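# Notes for the structure review
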Amino acid sequence: IDESAPADTTLLTYANSLNIATLSGTTPTMSAGQIVLPAQNELSNSEAYHWETTPRFTPDGHKILYIEFSSDSYPPYNRHGALYSVQVSGSGAHITLGTPQLLVTTPAHFMELGAWLNSHILTFYADGSLYAFDIQNNGYKQLINTNFYTHIVAFNFRNQTNVGEIELSFVACG
(Lines give C-alpha, C1' and ligand atoms only; values in the text may rest on other atoms or scores of the structure.)
Protein backbone atom coordinates (compact mmCIF):
# COMPACT_ATOMS: atom_id res chain seq x y z
CA ILE A 1 0.00 0.00 0.00
CA ASP A 2 1.31 3.43 -0.97
CA GLU A 3 1.45 5.46 2.24
CA SER A 4 3.49 8.31 0.75
CA ALA A 5 0.46 10.34 -0.41
CA PRO A 6 -2.81 11.48 1.20
CA ALA A 7 -5.13 8.50 1.69
CA ASP A 8 -7.93 10.06 -0.39
CA THR A 9 -5.61 10.39 -3.40
CA THR A 10 -3.86 7.00 -3.48
CA LEU A 11 -6.65 5.30 -5.42
CA LEU A 12 -6.67 7.92 -8.18
CA THR A 13 -5.34 6.95 -11.57
CA TYR A 14 -2.90 9.24 -13.33
CA ALA A 15 -1.92 9.75 -16.94
CA ASN A 16 1.40 8.46 -18.18
CA SER A 17 1.39 10.62 -21.30
CA LEU A 18 0.52 14.18 -22.24
CA ASN A 19 -1.05 15.34 -25.52
CA ILE A 20 -2.36 18.67 -26.83
CA ALA A 21 -5.09 19.41 -29.39
CA THR A 22 -7.18 22.48 -30.25
CA LEU A 23 -10.86 23.06 -30.91
CA SER A 24 -11.56 25.71 -33.53
CA GLY A 25 -14.11 26.91 -36.09
CA THR A 26 -17.76 27.93 -35.95
CA THR A 27 -18.59 24.27 -35.53
CA PRO A 28 -15.75 23.30 -33.21
CA THR A 29 -13.52 20.66 -34.73
CA MET A 30 -10.64 19.04 -32.89
CA SER A 31 -7.24 19.25 -34.51
CA ALA A 32 -4.92 16.29 -34.72
CA GLY A 33 -3.29 15.91 -31.32
CA GLN A 34 0.40 16.45 -30.73
CA ILE A 35 2.37 14.44 -28.22
CA VAL A 36 4.06 16.38 -25.43
CA LEU A 37 5.12 13.22 -23.59
CA PRO A 38 4.68 9.77 -25.16
CA ALA A 39 2.85 7.00 -23.29
CA GLN A 40 4.99 4.59 -21.33
CA ASN A 41 4.26 0.96 -21.99
CA GLU A 42 4.89 -1.85 -19.57
CA LEU A 43 8.19 -1.18 -17.83
CA SER A 44 10.04 -3.87 -15.91
CA ASN A 45 11.10 -1.41 -13.19
CA SER A 46 8.27 0.61 -11.63
CA GLU A 47 10.77 3.26 -10.49
CA ALA A 48 11.33 4.13 -14.16
CA TYR A 49 7.60 4.74 -14.62
CA HIS A 50 6.49 8.40 -14.47
CA TRP A 51 3.00 9.87 -14.20
CA GLU A 52 1.82 13.31 -15.28
CA THR A 53 -0.78 15.30 -13.40
CA THR A 54 -2.55 18.68 -13.28
CA PRO A 55 -1.32 20.31 -16.51
CA ARG A 56 -2.04 24.05 -16.64
CA PHE A 57 -1.69 26.58 -19.43
CA THR A 58 -0.08 29.87 -18.42
CA PRO A 59 -2.60 32.74 -18.51
CA ASP A 60 -1.13 33.93 -21.84
CA GLY A 61 -1.41 30.41 -23.32
CA HIS A 62 2.27 30.23 -24.32
CA LYS A 63 3.36 27.50 -21.90
CA ILE A 64 2.01 24.36 -20.30
CA LEU A 65 3.16 23.50 -16.78
CA TYR A 66 2.68 20.03 -15.34
CA ILE A 67 3.79 17.79 -12.50
CA GLU A 68 5.63 14.56 -13.21
CA PHE A 69 6.10 12.07 -10.40
CA SER A 70 7.50 8.62 -9.84
CA SER A 71 7.45 6.24 -6.91
CA ASP A 72 9.97 3.89 -5.38
CA SER A 73 9.23 0.22 -6.08
CA TYR A 74 9.71 -0.77 -2.43
CA PRO A 75 8.03 0.28 0.85
CA PRO A 76 7.40 2.99 1.93
CA TYR A 77 6.99 3.80 -1.82
CA ASN A 78 8.36 7.35 -1.56
CA ARG A 79 7.34 9.65 -4.37
CA HIS A 80 9.60 12.00 -6.29
CA GLY A 81 8.10 14.98 -8.09
CA ALA A 82 9.16 17.61 -10.59
CA LEU A 83 7.56 20.64 -12.19
CA TYR A 84 8.07 21.03 -15.95
CA SER A 85 7.12 23.63 -18.55
CA VAL A 86 6.67 23.29 -22.31
CA GLN A 87 6.66 26.27 -24.68
CA VAL A 88 3.58 26.43 -26.96
CA SER A 89 3.48 28.60 -30.08
CA GLY A 90 1.13 28.94 -33.03
CA SER A 91 -2.60 28.34 -33.07
CA GLY A 92 -5.24 26.00 -34.43
CA ALA A 93 -3.77 23.14 -36.42
CA HIS A 94 -0.39 24.89 -36.47
CA ILE A 95 0.73 24.49 -32.85
CA THR A 96 4.43 23.96 -32.21
CA LEU A 97 5.66 22.49 -28.94
CA GLY A 98 9.04 23.03 -27.35
CA THR A 99 11.04 20.47 -25.40
CA PRO A 100 9.90 20.01 -21.77
CA GLN A 101 12.08 22.05 -19.40
CA LEU A 102 12.64 21.04 -15.78
CA LEU A 103 11.81 23.94 -13.46
CA VAL A 104 12.23 22.35 -10.03
CA THR A 105 12.36 18.95 -8.30
CA THR A 106 10.84 18.18 -4.93
CA PRO A 107 10.87 15.42 -2.32
CA ALA A 108 7.14 16.07 -1.72
CA HIS A 109 5.11 12.88 -1.45
CA PHE A 110 2.14 14.42 -3.24
CA MET A 111 2.02 17.60 -5.34
CA GLU A 112 -0.76 19.13 -7.42
CA LEU A 113 -0.97 22.39 -9.39
CA GLY A 114 -3.76 24.82 -8.52
CA ALA A 115 -5.05 28.16 -9.79
CA TRP A 116 -3.00 31.05 -11.19
CA LEU A 117 -2.58 33.94 -8.76
CA ASN A 118 -1.54 36.30 -11.59
CA SER A 119 0.28 36.06 -14.94
CA HIS A 120 3.41 34.45 -13.46
CA ILE A 121 2.50 32.99 -10.04
CA LEU A 122 0.89 29.55 -9.89
CA THR A 123 -0.41 27.98 -6.69
CA PHE A 124 0.22 24.37 -5.78
CA TYR A 125 -0.48 21.90 -3.00
CA ALA A 126 2.30 19.75 -1.52
CA ASP A 127 2.21 17.55 1.57
CA GLY A 128 -0.39 19.44 3.62
CA SER A 129 0.47 22.99 2.55
CA LEU A 130 -0.49 25.48 -0.14
CA TYR A 131 2.30 27.34 -1.95
CA ALA A 132 2.80 30.00 -4.62
CA PHE A 133 5.41 29.39 -7.34
CA ASP A 134 6.82 32.22 -9.45
CA ILE A 135 7.66 30.93 -12.94
CA GLN A 136 9.82 33.99 -13.67
CA ASN A 137 12.41 33.27 -10.98
CA ASN A 138 11.54 29.65 -9.96
CA GLY A 139 10.97 30.80 -6.37
CA TYR A 140 8.20 29.57 -4.12
CA LYS A 141 6.61 30.59 -0.82
CA GLN A 142 4.36 28.71 1.55
CA LEU A 143 0.93 30.38 1.81
CA ILE A 144 -0.61 28.23 4.54
CA ASN A 145 -0.13 24.87 6.23
CA THR A 146 -3.47 23.06 6.19
CA ASN A 147 -2.26 19.65 7.47
CA PHE A 148 -4.69 17.95 5.05
CA TYR A 149 -5.26 17.66 1.31
CA THR A 150 -6.50 20.96 -0.12
CA HIS A 151 -7.06 22.18 -3.67
CA ILE A 152 -7.30 25.89 -4.50
CA VAL A 153 -10.14 26.55 -6.92
CA ALA A 154 -10.37 30.37 -6.96
CA PHE A 155 -8.55 33.53 -5.83
CA ASN A 156 -9.39 37.11 -5.02
CA PHE A 157 -6.18 39.15 -5.09
CA ARG A 158 -6.13 42.78 -3.95
CA ASN A 159 -3.19 45.18 -3.57
CA GLN A 160 -3.05 47.13 -0.32
CA THR A 161 -2.11 50.77 0.19
CA ASN A 162 0.85 49.92 2.43
CA VAL A 163 4.01 49.09 0.49
CA GLY A 164 4.56 45.35 0.23
CA GLU A 165 1.17 44.37 1.64
CA ILE A 166 -1.38 42.34 -0.24
CA GLU A 167 -4.68 40.75 0.64
CA LEU A 168 -5.32 37.27 -0.67
CA SER A 169 -8.60 35.41 -0.29
CA PHE A 170 -9.00 31.93 -1.70
CA VAL A 171 -11.57 29.19 -2.01
CA ALA A 172 -10.19 25.74 -1.30
CA CYS A 173 -11.76 22.34 -1.06
CA GLY A 174 -10.31 19.41 0.76
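In this text, all values refer to a predicted model and were calculated from it rather than measured experimentally. (Residues numbered from 1 in each chain as written. Predicted model: local features only at pLDDT ≥ 70, side-chain atom pairs only at ≥ 80, totals over all residues. Heavy atoms only, no water.)

### Points about the confidence of the model for the protein
Residues at a pLDDT of 70 or more form 70% of the protein, whose mean pLDDT is 76. For the protein, strand 15 (residues 166-173) is the element with the lowest average pLDDT, namely 60, and strand 12 (residues 129-134) is the one with the highest, namely 89. (pLDDT = per-residue confidence, 0-100. Helix = DSSP H or I, 4+ residues; strand = E, 2+ residues; numbered from the N terminus.)

### Quick notes on the nonpolar core
Formed by 14 residues in total, the largest nonpolar core has its most connected members in Leu-65, Leu-83, Leu-113, Phe-124, Ala-126 and Phe-133. When contributions to this core are tallied by element, the ones reaching two or more residues are strand 6 (63-71), strand 10 (111-116), strand 11 (121-126) and strand 12. Ignoring any residue separated from it by four or fewer positions in sequence, one finds Ala-126 in contact with Ala-108, Phe-110, Met-111 and Tyr-131. Counting 12 residues, the second largest nonpolar core, distinct from the first, contains Ile-20, Tyr-66, Ala-82 and Leu-97. (Core = buried A, V, L, I, M, F, W, Y, C linked by side-chain atoms within 4.5 Å. Buried < 20%, exposed > 50% of the residue type's maximum accessible area, 1.4 Å probe, protein only. Contact = heavy atoms within 4.5 Å.)

### Things to note about the sheet that holds strand 10
Here we have 4 strands laid out as an open sheet, ordered 10-11-12-13, and antiparallel in their pairing. At either end of the open sheet lies a strand with only one pairing partner, and these are strand 10 and strand 13 (139-145). Direction aside, the axes of adjacent strands within the sheet are offset by 30° on average. Across 6 bridges, strand 11 lies against strand 12 in antiparallel orientation. Within strand 12, the position partnered with Thr-123 by the bridge is Ala-132. (Pairing = 2+ DSSP bridges. Axes fitted to C-alpha atoms, helices over the stretch in contact; angles between N-to-C directions.)

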